[in-house]
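Structure at a glance
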Amino acid sequence: MYRFWGLLFFAVPIVGTIVYALAMLGVAPFAGLRLPANYNQAGVEIAHLYNVIHGIMAVVFVSTGLLLGWSVWRFGGRQLSGGQELGARYFTHSNLLELTWSVAAAGILVFLSLYQLNSWAENKLERPLVEIAGRMQPQPPLAKVVAKRFGWEFYHAGPDGRLDTPDDVYLENLLHVPFGEPVVLQLESRDVIHSFFVPGLRLKQDIVPGMQHFVWFKATSPVELEIICSELCGWGHYTMQARMQLVSRSDYDRWLAEQSPWKGFAAKEEQE
Amino acid sequence: MTADGFSLSGETSAVHEPHGSSSNPLVRFLGTWVFSRDHKVIGLQFLFSSLIWLGIGGLLALAIRWQLAWPWTEIPIIGRTLFAAEGGQITPQFYNVLFTMHATIMIFFVVVPILTGAFGNYLIPLMIGARDMAFPTMNMLSYWLMWPAFGCMIWAMATPERGPDFGWTAYPPLSVLFGDAQSLWVLGLVFVGISSMLGSINYITTVLQLRAPGMTLFRMPMTVWGLFITAILQAFALPVLTAALVMLLLEKVFQTGFFLPNGLEANSIQPLDGSGGQPLLWQHLFWFYSHPAVYIMVLPAMGMVSDMLSCGARKPLFGYRPMIYSMIAISGLGFIVWGHHMFVSGMSYFLSVSFMISTMLIALPSGVKVFNWLGTIWGGKLRMDSPTLFGLGFISMFIIGGLSGLLMAATPVDMVITDTYFIVAHFHYVLFGSSILGVFGAIYFWFPKMFGRMMNDFWGQVHFFLSFIFVNGTFFPMHFLGARGFLRRTADPYVVEGFRDLLPVNQFITWCAFGMAAAQVIFLINFLGSLFWGRKAEANPWRANSLEWTVPNSPPHGNFAEIPQVYRGPYEYSYPGHDSDYWPQSEAPA
Ligand SMILES: [Cu+2]
Ligand SMILES: [Cu+2]
């Protein structure tokens, strides 16, 4: 019977790794069970990190899992018989072994800590710079994203390039963004915490009311992406989504010129 | 029941409390079984109430799974009764109640109380050679404070909203502006917090003050070490949560302005003055407790698994001291990693880097523990019975749950997988795959001591096999869902076009969850049946070394006829030259 249990514990690393490999390679029927298609330049590095960590995990997972399975297969005894079960080897510790695996594990962890820093900096620390008035300054946001229960408001900076001016172009649940260049968005919330999640850009940022957040990315192709709220915001949380239309710079400028000044803005002002 | 299983014979020999002497049978019954100050009875009270809540929390999980597999369809049999007004289907608001209550119940009413309340109470005095806890009355209070908490939660679920719906993390402003049944939920958790604090002070004092002669700290079984360190964690982390909960309550009731910022527009219409609060403050306070809570929910199980495996392998625990040092390291580092829950929350991204590094570091002691468990079974003579199997299952599942934590520690990757089912997969591998499987093993292991009868080992093994298969069937595919970005806490994820093709995977998961529930029915029948009809157990059926096996089963009040003298550590199995394959801690050297 203990052979059976040995096989069961062997099966964990073997089946687990095979299924995971098939999923990551996109083989049917496991196709589609991996990171979604990426349309953000910074997403490449994230996928790379994801794969490197999976590689390390796979080595540890398979080696410890096989060791566990082998221990059960090899050292599994009989059921409790009431008799003496002599024959177990008596050893209590090994400082050399403890030292070896601690140092090895610590080495891997330190490597991982350092290895990911660049990607984090690229995504969250180093906002793109542009030259304004002869000085390199943080790139101004292309649009303001306002989250509310349960929808999204998008205020595109008009031809003057500034937010909160009368030429802003307001759209509900649809964001226009040019691809092929760095884009900065400004995020705000009207009521509770929401989260701006674009799976296709591998980008996520919580939006805390009372705070201003900035995200940036460089989209690579003209596609339409889904924006979803990934922080619980109430009963309608699951309905809270919008679309991001990626267009070329020239199309974006033309679209902006056609919209501006956005007719609805004055009407909205009056209403309030 | 009192005749054999719950033997009371010790009442006459080792009584040191007055309640046994009353002549009124009702008073005597209440004193012995209800308002008992005996740590063993209190432990069993925790055990039974936690198991009942485990059942309730499990049913809530099945309802969640139903919605994710067959969204907005009528639940068979019970749907019409429960949701008559909605045509038998779950509403979006109630779906939020489901996962909020599932988490609240499983964390605060099941895993924490079953580990610290049930096993902590039952085992600590027996294992260190004490007659009882240091403060028996406080101990009784710590159990009875759970009942107001139960009451608050049941009351919350009886309100028209059917309970809190803001997630167990209760992030404001949501939990303040729109939090249904928030006050009851907060009050309930405050009671749980006080109960746990009383318990943890008791455990710390007991371990430090009441050890039998010869029981040095480094002769204590790992179970006691795990519970001891857990108690210290609780004593330092819980006050923070309790204070934060009170602040949350004040925010709701008196608009104090801790967490709500200025200019909020509830319903996007009405601007509110929140007096300049900061929502992130709650997250910091909350996770300052709730990250250590992860270790509170696993360290005791680690300790018990260490003891079961060493005994099952007939071989000393490998690296006893490194095991203890890694527990201490985990508990120390556990206080400075909470920010890994907040990498994209809007807190400083430089701060994220420091939390990332401490989180990476905390993986080290966990890894050391796994290697030492493997060293423990290596070269042993593994007794393949239910406790050992569950112990092995614990290691196997902890490897997966621990490794997937690496992806979350890596900040850029975490940005992609946070709030997705990857997280759900990760913590269920740790809390269910590891802790709960460990608890099952511990129940099989200490059942004979508690009730004087053995649980059926064959059905225990069937229970293990099915649980193991279905735990993996349920939680392993969730990693893939999370990689795809599949969100947790959404009533209908398929509203998002990109997730529609994931429906079949979710149906597979739900079928596995049903299988897992069915496997627990086997356990339930085995447990209840064995209480009454199980094979009579000897005092030391596993031939184990620690002190609890030297006293008769269902030990009398006061535990030991005579306080034992301890001569050695608890892991002297197959000691060379010794004539038996075990060597109890209190057996005098020849
Ligand atoms: Cu939301
Ligand atoms: Cu944590």
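Residues numbered from 1 in each chain as written. Chains lettered and ligands numbered in written order. Predicted model: local features only at pLDDT ≥ 70, side-chain atom pairs only at ≥ 80, totals over all residues. Heavy atoms only, no water.

1. With respect to the overall build of chain B
Rules: Only DSSP runs of H or I with at least four residues qualify as helices, and only runs of E with at least two residues qualify as strands; both kinds are numbered from the N terminus onward. The globule rule used for comparison is 2.2 Å times the number of residues to the exponent 0.38, while the radius of gyration itself is calculated over C-alpha atoms. The buried label goes to any residue with under 20% of its type's maximum accessible area, the exposed label to any with over 50%, and the partly exposed label to all in between, with areas taken from a 1.4 Å probe on protein chains only. What makes two residues a contact is simply this: any of their non-hydrogen atoms within 4.5 Å. For accessible areas, the Shrake-Rupley method is used with a probe of radius 1.4 Å. Any residue's cover is judged against the shown protein chains and nothing else. For the purpose of charge, His is not counted, nor are the chain termini; Lys and Arg are scored as positive and Asp and Glu as negative. Here the site of a charge means NZ on Lys, CZ on Arg, CG on Asp, or CD on Glu.
For chain B, the count of helices and strands is 19 helices and two strands. Taken over C-alpha atoms, the radius of gyration comes to 24 Å for chain B, in line with the 25 Å a tight globule of 590 residues would show. Projected onto the principal axes, the alpha-carbon positions of chain B cover approximately 80 × 55 × 50 Å. Here chain B holds 590 residues, and the buried ones make up 69% of them. Long-range pairs, those at least 24 residues apart, make up 78% of the contacts in chain B between residues at least 6 apart in sequence. Accessible area for chain B stands at about 18400 Å²; split by element, carbon and sulfur atoms hold 70% of it. On chain B, the mean spot of the 26 positive side-chain charges and the mean spot of the 28 negative ones are 9 Å from each other.

2. Digging into the coordination of the copper ion (ligand 1)
Working reference: metal with six octahedral donors, ideal angles 90 or 180 degrees; metal with four tetrahedral donors, ideal angle 109.5 degrees. Residue and element names in this part refer to chain A. Keep this limit in mind: Note on donors: an N, O or S atom is included if it sits within 2.8 Å of the metal, or within 3.2 Å for Na, K and Ca, and water is never included, so sites can look incomplete. When four donors show all angles between 85 and 135 degrees the site is tetrahedral, when four or six donors have opposite pairs over 155 degrees and all other angles between 65 and 115 it is square planar or octahedral respectively, and in every other case it is irregular.
At this site the copper ion (ligand 1) is bound by Cys229 (SG), Glu231 (O), Cys233 (SG) and His237 (ND1), with donor distances of 2.0 to 2.7 Å. One can describe the donor arrangement at the copper ion (ligand 1) as irregular, given that its four donor atoms subtend angles of 83 to 131° at the metal. Sequence spacing of the donor residues for the copper ion (ligand 1), all on one chain, is C-x1-E-x1-C-x3-H. Given the relative accessible area of 3%, His237 is considered buried.

3. Focus: empty space enclosed by the protein
Residues and elements named next belong to chain B. To keep things clear, this is the line we draw: Residues are said to line a cavity or pocket when one of their atoms sits within 4 Å of a point; the points come from a 1 Å grid over protein atoms alone, cavities being sets where a 1.4 Å probe fits but cannot get out and pockets being open sets with protein on both sides within 12 Å along at least five of seven lines. Grid points are joined across faces, edges and corners, and a volume is the space filled by probe spheres set on the points.
Going through the model one piece at a time under the given rule, you end up with seven cavities of 30 Å³ or more. Quantified by volume, the second largest cavity comes out at close to 100 Å³. The wall of the second largest cavity is formed by 15 residues, among which Phe46, Thr116, Gly117, Ser195 and Ser196 lie closest to the centre. Mapped onto the lining of the second largest cavity, the elements with two or more residues apiece are helix H5 (92–128) and helix H9 (182–209). Considering every element that reaches the lining of the second largest cavity, the biggest residue donor is H9, with six residues.

4. Focus on the nonpolar core
As a reminder, the rule being used: For our purposes a nonpolar core is just a set of buried Ala, Val, Leu, Ile, Met, Phe, Trp, Tyr and Cys residues, chained together by side-chain atoms within 4.5 Å. Where each domain begins and ends is defined by an automated method or by a domain database.
Counting residues in hydrophobic clusters, the biggest one holds 271 residues, and the most contacted among them are Trp152(A), Phe196(A), Met244(A) and Phe119(B). It is H5(B) that contributes the most residues to this core, 25 residues altogether. For this core, the domains that each give at least three residues are domain 1 (2–77) and domain 2 (137–271) of chain A. The residues touching Phe196(A), leaving out its near neighbours within four places in the chain, are Val145(A), Trp152(A), Leu185(A), Leu187(A), Leu203(A), Lys204(A), Gln205(A), Ile207(A), Val215(A), Ile227(A), Ile228(A) and Met244(A).

5. A closer look at the packing of helix H13 (residues 320–333) of chain B against helix H14 (residues 349–377) of chain B
All names here are of chain B. Rules: For helices, the axis comes from a line fit to the C-alpha atoms of the stretch in contact; other axes are also lines fit to C-alpha atoms, and the angle between any two N-to-C directions lies between 0 and 180 degrees. Orientation categories follow fixed angle ranges, with anything under 35 degrees roughly parallel, anything over 145 roughly antiparallel, 65 to 115 roughly perpendicular, and all other angles oblique. In a left-handed crossing the near helix is turned counterclockwise from the far helix by less than a right angle, and in a right-handed crossing that turn is clockwise.
Orientation of H13 relative to H14, taken along the N-to-C sense of each, is 155°, at an axis distance of 9 Å. Here H13 is positioned roughly antiparallel relative to H14, judged by the angle of their axes. Viewed along their axes, H13 and H14 form a crossing whose handedness is left-handed. Here Pro322, Met323, Ser326, Met327, Ala329, Ile330 and Leu333 of H13 lie close against H14, whose contacting residues are Leu361, Ile362, Pro365, Ser366, Val368, Lys369, Asn372 and Trp373.

6. Some remarks on the packing of aromatic side chains
As a reminder, the rule being used: Any two rings among Phe, Tyr and Trp, with Trp reduced to its six-membered ring, count as a pair given centres within 6.5 Å; such a pair is stacked if its planes are under 30 degrees apart, edge-to-face if over 60, and tilted if neither. A positively charged side chain is recorded as over a ring if its NZ (Lys) or CZ (Arg) lies within 6 Å of the ring centre. The angle to the ring normal must also be within 35 degrees.
If you walk through the whole model with that rule in mind, you get 77 aromatic pairs over all chains. Geometry around Trp73(A) places Arg3(A) over its ring, the cationic atom sitting 4.6 Å from the centre. For the cation-ring pair, Lys315(B) lies above Phe91(A), with the distance from its terminal atom to the ring centre recorded as 3.9 Å.

7. Considering the sheet that holds strand S7 (residues 182–189) of chain A
Across a sheet, paired strands are connected by hydrogen bonds in the backbone, their directions being either parallel or antiparallel. All names here are of chain A. As a reminder of what qualifies: At least two bridges found by DSSP between two strands is the condition for calling them paired.
Read from one edge to the other, the open sheet built from five strands follows the order S5-S4-S3-S7-S10, with strand pairing classed as mixed. This sheet does not close on itself; its edge strands, each paired only once, are strand S5 (169–172) and strand S10 (213–218). Here the strands of the sheet are splayed against their neighbours by 25° on average, with no regard to which way each runs. With six bridges connecting them, strand S3 (residues 143–148) and strand S4 (residues 151–156) associate as antiparallel partners. The residue bridging Val146 from the neighbouring strand is Glu153, located in S4.

8. Considering H9(B)
The criterion, for reference: Helix span, as expected, comes to 1.5 Å for every residue beyond the first.
Between the first and last C-alpha of H9(B) there are 40 Å, a value that for 28 residues agrees with the 40 Å anticipated at 1.5 Å per step. Burial analysis of H9(B) places 20 of its 28 residues in the buried class, which makes it a mostly covered element.

9. As for the coordination of the copper ion (ligand 2)
Residues and elements named next belong to chain B. The protein atoms donating to the copper ion (ligand 2) are His291 (ND1), His340 (NE2) and His341 (NE2), with metal-donor distances spanning 1.7 to 2.0 Å. Written as a sequence motif, the donor arrangement for the copper ion (ligand 2) is H-x48-H-H. With a gap of 49 residues between them, His291 in helix H11 (residues 279–296) and His340 in the loop between H13 and H14 connect regions that are remote in the sequence. Note on His291: relative accessible area 5%, which makes it buried. Take His340: its relative accessible area is 14%, and that puts it in the buried class.

10. Quick word on the interface of chain A and chain B
Rule in force here: As a working definition, buried area equals the accessible area (1.4 Å probe) given up by two parts on being put together, with both sides summed. The term salt bridge refers to a pairing of a side-chain nitrogen on Lys or Arg with a carboxyl oxygen on Asp or Glu at a separation within 4 Å. We call two N or O atoms a polar contact when they sit within 3.5 Å, provided that within protein one can donate a hydrogen and the other can accept it, with sequence-adjacent residues counted only if both atoms are side-chain atoms. When residues are sorted by character, Ala, Val, Leu, Ile, Met, Phe, Trp, Tyr, Cys and Pro go into the nonpolar class, Asp, Glu, Lys and Arg into the charged class, and all the rest, Gly among them, into the polar class.
Each partner contributes residues to the interface: chain A has 97 residues there, and chain B has 118 residues. Summing both sides of the interface, chain A and chain B together bury roughly 9200 Å²; the carbon and sulfur share of this comes to 71%. Among the residues of chain A in contact with chain B, Tyr90(A), Trp120(A) and Tyr238(A) are the three that bury the most area, contributing 9% of the side total. Scanning the region where chain A abuts chain B turns up one salt bridge. Its salt-bridge partner being Arg243(A), residue Glu497(B) comes within 3.2 Å of it at the nearest N-O pair. Scanning the region where chain A abuts chain B turns up 20 residue pairs in polar contact (both at pLDDT 80 or more). Secondary-structure elements contributing two or more residues to the side of chain A that touches chain B are helix H1 (2–25), helix H2 (41–75), helix H3 (95–115), helix H4 (117–125), strand S8 (194–198), strand S9 (203–207), strand S11 (224–229) and strand S12 (241–247) of chain A. For the side of chain A that touches chain B, the leading source of residues is H2(A), giving 15 residues. Residues that form the side of chain A that touches chain B fall into these classes: 52 nonpolar, 29 polar and 16 charged.

11. Notes on the domain arrangement of chain A
Residue and element names in this part refer to chain A. According to the domain assignment, chain A contains domain 1 (2–77) and domain 2 (137–271). Centre-to-centre, using C-alpha coordinates, domain 1 lies 38 Å away from domain 2. Counting from both sides, the interface comprises ten residues of domain 1 and, opposite them, eleven residues of domain 2. Of the roughly 930 Å² buried between domain 1 and domain 2, counting both surfaces, carbon and sulfur atoms make up 51%. Counting the surface domain 1 buries against domain 2, the share from its top three residues, Tyr39, Asn40 and Gln41, is 64%. Summed over the shared surface of domain 1 and domain 2, the number is zero salt bridges. Counting the contacts that link domain 1 with domain 2 gives seven residue pairs in polar contact (both at pLDDT 80 or more). A per-class count over the side of domain 1 that touches domain 2 returns six nonpolar, four polar and no charged.

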